[in-house]
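# Structural overview for review
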Amino acid sequence: MTAQKPFYITTPIYYANAELHIGHAFTTLAADTATRYQRAMGREAWFLTGSDEHGQKVEQAARAKGITPLQHTDALVEKFKALWQRLDICYDDFIRTTEERHKKAVRHVLGQLYAKGDIYSDTYTGWYCTPCERFWTEKEVPEKLCPDCHRPVEELQEKNYFFRMSKYQQPLIDYIKAHPGFIRPENRRNEVLGFLAQPLQDLCISRPKKRLAWGIEIPFDPEYVTYVWFDALTNYISAIGYPDDMARFHRYWPASCHLVGKDILTTHAVYWSTMLFALGLPLPEMLFAHGWWVLSGGKMSKSVGNVVNPLDLVEKYGLDPFRFFLFREMVFGADAVFSEESFILRYNADLANDFGNLCQRTLPMLLKRRQGKFRRGPATLPQTAEIAALARAVKADYIAAMEGFLFHEALKRTWDLISRLNKFIDETAPWKLAKEEKWADLDEVFWTVGEGIRFCAHLVQPFMPHTAPKFLEQIGLPATFLPLPQLEWGQLPDGTVCREPSPIFPRLDTPRIESLKKGEKAEKSPKGEKTAPASTGVSPAAGQATGGAPAAPPAAGGATGEGLIDYDEFMKTHLAVAVVETAEKVAGADKLLRLTVRLGEETRQLVAGIALHYTPEQLIGKQVVIVKNLKPARIRGVESHGMILAAGTPDGGLAVVTTDRPATPGIRVK
RNA sequence: GGCAAGGUAGCUCAGUUGGUCAGAGCACACGGUUCAUACCCGUGAUGUCGAGGGUUCGACUCCCUCCCUUGCUACCA
């Protein structure tokens, strides 16, 4: 058995002069997903990310704040890491270019190439803008004025070091042509080849310290630091032990994949590749350049209020749905449009309706009819073998897609199985089988669906590492995954007992989309407007009507001014603890539940508009808080004596207010 | 400007070497169903396949022209 080389994947190291945004997050999430997939395949994986901390902008930013560059980057690195934690990024190493291990590698690389003659010094003449501290080319300053600040530039000579990149132009062209899978996607590969059709200039790789001190000193000239390319790109090898621990280095190198945004493809495809040529190191197996998320309405961001920071949706709707959306919606490699509306549409269609509801429509029936037990008998239904075959085909296609970083294809294919299972339920109509007491057929249907859920949970796991285990738990399995190569159809054990399901992907209110479309201020919550945790009242309209209320209304500043009530006024509202004794749907109303609740000795009936979010079973026995002295009302002909308190959840659902520990039924809440 | 890719149903896109290739998903309409998260299943409509011309028995699929969109065009101290 030959040990497979570990999967080594990298993100770019992000420049530590500003905070990160969706672009950085997306690259990193993609690497994370790829890493999780490789681990799911049973392959060892090493996932590197990090920070690029030298250079003029960092130096300037630090100076502006009156701190040292390192203090500045220390703070930003903390923010980087906080974001990765928030996105649950499973990186193995975080390299900082200010670390000694990195600086040492850079010096080693420079020294080696200098000795080899691939780095040389030369003196050039250019146009320098002193205030901006930068050079311009002859072409850029036809008027001899700085394009940035429009002040005069002066002609200046400066000595610098150059990397003999041109020397490796032809070898690189040959290499790319000989390795079709090296640069992906295909169109990017063509762009690089197009780029290389022009003569390649050598690369200036230094800055005199008098102009830029914040950098890694060039080993053969203490007057200079190296500039960006050799500093930053070298991280991919310095982080895995180059040059001190070559055994470790060779274990991981060449990288399986450098994942980059399309904007820095050339840097990697040309600069980095030629650097590796010069060093005599093999090139990475793959360079994947993905596209951008284009924010819808971004161009009008000032006037239109509906531009969202994509990362805000993580808190609003959950990390896993967010991740799912990113990789299902975008053709990986191409650009895609990001909008909250498309997120909600995708979420409802794929997650809530198709996958989530697959559990929700099956497990309650299984519990009711078969004590929750999946029973495996002889397969006699015609669809069973077909679905098994589909599952196998889906898995094979899924793996093929994932190996090629075609995330959207992998997910799309997985949903073929989910759709088939939904259709299967329709075809076999288990509710009819139950009525007709065809237990063997019924068991076969349940087992097949349960097995399908298990199967899909495995496939979806790299994308949704938190919710995928929930699917396993709901069907009664431990929340652990088989390595994908071992995943086969038919492994759901006979006798597995499912759990009481609760929606994993609660449906999001569509009114929210309407309000988004209209550019209404669904995101803003002007004070005075009723945004606060809307109590779900006796009125069926209450709660739902405000379903579009923001998930986390900003805790409006200090409590001053109008709208405040005193204690006595508050005490006019009599809140009390109650225990739900019975619950049932109100006939002819979708959202209403008729409840009887016990308050100490007293029992009373009330109506709550929460049927879309709670089943009667979920409520019975639950301690709730009710408004006791609300004027009785008749709703759909049912008497209601009080109302239950509930609050909106980030996903647009509803959470009933309960007590932290059992309280005395009937006792006043204050 | 140069190079490259693309313009196919309201939206996002599939469409191998020319002959059921006019499709999928979403959205929409209608029907079915009731287990389920107003869900699922089925059916349907809409398209001059960017425009014009050409090759061919026949072109979304090949050739030419035009229009439009997008990407790349590093580094140059």
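Residues numbered from 1 in each chain as written. Chains lettered and ligands numbered in written order. Predicted model: local features only at pLDDT ≥ 70, side-chain atom pairs only at ≥ 80, totals over all residues. Heavy atoms only, no water.

### What about the protein's contact with RNA strand B?
- In the neighbourhood of RNA strand B, 42 residues make up the surrounding shell, with Tyr 124, Thr 125, Phe 135, Asn 353 and Asn 357 lying closest.
- A share of 55% of the atoms of RNA strand B within 4 Å of the protein falls on sugar and phosphate groups.
- Among the elements of the structure, β4 (119-129), β6 (154-163), α6 (186-196), β8 (203-204), α10 (265-279), α13 (340-370) and α15 (407-428) are those that each provide at least two residues to the surface near RNA strand B.
- Across the surface near RNA strand B, the residue classes break down as 17 nonpolar, 14 polar and eleven charged. (Near = heavy atom within 4 Å. Helix = DSSP H or I, 4+ residues; strand = E, 2+ residues; numbered from the N terminus. Nonpolar A, V, L, I, M, F, W, Y, C, P; charged D, E, K, R; others polar.)

### Some words on the side chain of Arg 323
- Take Arg 323: it is sitting in helix α12 (residues 319-329).
- A distance of 3.2 Å separates polar atoms of two side chains, one belonging to Arg 323 and the other to Thr 33.
- Looking at Arg 323, its side chain comes within polar contact range of the main-chain oxygen of Pro 462, at 3.2 Å.
- Aside from chain neighbours lying at most four places away, what touches Arg 323 is Leu 29, Asp 32, Thr 33, Arg 36, Leu 87, Asp 88, Pro 462, Phe 463 and Pro 465. (Polar contact = N/O pair within 3.5 Å; in protein donor to acceptor, adjacent residues only side chain to side chain. Contact = heavy atoms within 4.5 Å.)

### Some details on the packing of helix α14 (residues 382-403) against α15
- With their axes 7 Å apart at the nearest point, α14 and α15 run at an angle of 170 degrees to one another. Taken together, the axes of α14 and α15 lie roughly antiparallel to each other. Contact with α14, carried on its side by Gln 383, Glu 386, Ile 387, Leu 390, Ala 391, Ala 393, Val 394, Asp 397, Tyr 398, Ala 401 and Met 402, involves Phe 407, Glu 409, Ala 410, Arg 413, Thr 414, Asp 416, Leu 417, Arg 420, Leu 421, Phe 424, Glu 427 and Thr 428 of α15 and no other residues of that element.
- Here the residues of the contact of α14 with α15 are counted per class, giving 13 nonpolar, three polar and seven charged. (Axes fitted to C-alpha atoms, helices over the stretch in contact; angles between N-to-C directions. Parallel < 35°, antiparallel > 145°, perpendicular 65-115°, else oblique.)

### Re helix α2 (residues 56-65)
- Those residues of α2 that fall on the buried side of the exposure criterion are Val 58, Glu 59 and Ala 62. Buried positions in α2, seen along its axis, are confined to an arc of 100 degrees and lie on one side of it. Counted as exposed and oriented over 90 degrees from the buried face of α2: Lys 57 and Ala 64.
- In this structure, the buried residues of α2 make contact with β1 (7-15) and α3 (69-86). (Buried < 20%, exposed > 50% of the residue type's maximum accessible area, 1.4 Å probe, protein only. Arc of directions from axis to C-beta.)

### A closer look at the packing of α13 against helix α17 (residues 439-460)
- Viewed as axis vectors pointing N to C, α13 and α17 meet at an angle of 145 degrees, and their least axial separation amounts to 11 Å. Two packed elements cross with a definite hand, and for α13 against α17 that hand is left-handed. Judged by residue contacts, Phe 355, Leu 358, Cys 359, Thr 362, Met 365, Leu 366, Arg 369 and Arg 370 of α13 engage Trp 439, Leu 442, Asp 443, Phe 446, Val 449, Ile 453, Cys 456, Ala 457 and Val 460 from α17. (Left-handed = near helix turned anticlockwise from the far one by under 90°.)

### Considering the state of the cysteines
- With the rule as written, the count across this model stands at zero disulfides.
- Sulfur of Cys 90: no disulfide; nearest cysteine sulfur belongs to Cys 257 and is 14 Å away.
- With relative accessibility at 18%, the residue Cys 90 sits in the buried group.
- Here Cys 204 stays free of any disulfide, with the sulfur of Cys 129 as its closest cysteine sulfur at 18 Å.
- In this structure Cys 204 comes out as partly exposed when scored by relative accessible area, which is 21%. (Disulfide = S-S within 2.5 Å.)

### Considering unusual backbone geometry
- The linkage connecting Arg 184 with the following residue, Pro 185, adopts the cis geometry, with an omega of -5 degrees.
- The residue Pro 185 is located in the loop between β7 (183-184) and α6 in this model.
- Positive phi, close to 35 degrees, is recorded for Val 228, a residue that is not glycine.
- Residue position: Val 228 is located in the loop between β11 (221-226) and α7 (229-232).
- By relative accessible area, Val 228 is classed as partly exposed at 28%.
- Backbone geometry places Phe 405, a non-glycine residue, at a positive phi of 65 degrees.
- When you line up the elements, Phe 405 lands in the loop between α14 and α15.
- By relative accessible area, Phe 405 is classed as buried at 4%.

### What to know about the UniProt feature "short sequence motif: 'HIGH' region" (unreviewed entry) in chain A
- Mapped onto the present numbering, the UniProt feature "short sequence motif: 'HIGH' region" (unreviewed entry) falls on residues 14-24.
- For residues 14-24, the end-to-end C-alpha separation is 7 Å, with 27% helix and 18% strand making up the annotated structure. (UniProt positions renumbered as here; feature names shortened; annotations may be inferred.)

### Quick word on the sheet that holds strand β10 (residues 217-218)
- Strand order in the open sheet formed by three strands is β9-β11-β10, with antiparallel pairing between adjacent strands. Each edge of the open sheet carries a strand with a single partner, namely β9 (206-208) and β10.
- Both β10 and β11 contribute to a ladder of two bridges, which runs antiparallel. If you follow Ile 218 over to β11, its bridge partner there is Asp 221. (Pairing = 2+ DSSP bridges.)

### Quick word on the environment of Ala 269
- Looking at where Ala 269 falls in the secondary structure, it is placed in helix α10.
- Given the relative accessible area of 0%, Ala 269 is considered buried.
- Spatially, the C-alpha atom of Ala 269 lies 24 Å from that of Val 294, the residues being 25 residues apart in sequence.
- Leave out the neighbours within four places in its chain, and Ala 269 touches Leu 172, Ile 183, Val 192 and Leu 287.

### Thoughts on the confidence of the model for chain A
- With 78% of its residues at a pLDDT of 70 or more, chain A has an overall mean of 82.
- At the low end of the mean pLDDT range in chain A sits helix α20 (residues 567-571), at 43; at the high end sits strand β3 (residues 93-96), at 98.
- Taken together, the stretch residues 517-570 has pLDDT below 50 and engages in 67 contacts with residues farther than four places along the chain or on a different chain.
- Predicted complex, confidence summary: ipTM 0.91, pTM 0.77. (pLDDT = per-residue confidence, 0-100.)

### Remarks on the sheet that holds β7
- Read from one edge of the open sheet, six strands run β3-β2-β1-β12-β13-β7, paired in parallel fashion. Of all the strands in the sheet, the pair left with one neighbour each is β3 and β7.
- As judged from the two bridges shared by β1 and strand β12 (residues 257-261), these two strands associate in the parallel manner. Paired with Thr 10 across the strands is His 258, a residue of β12.

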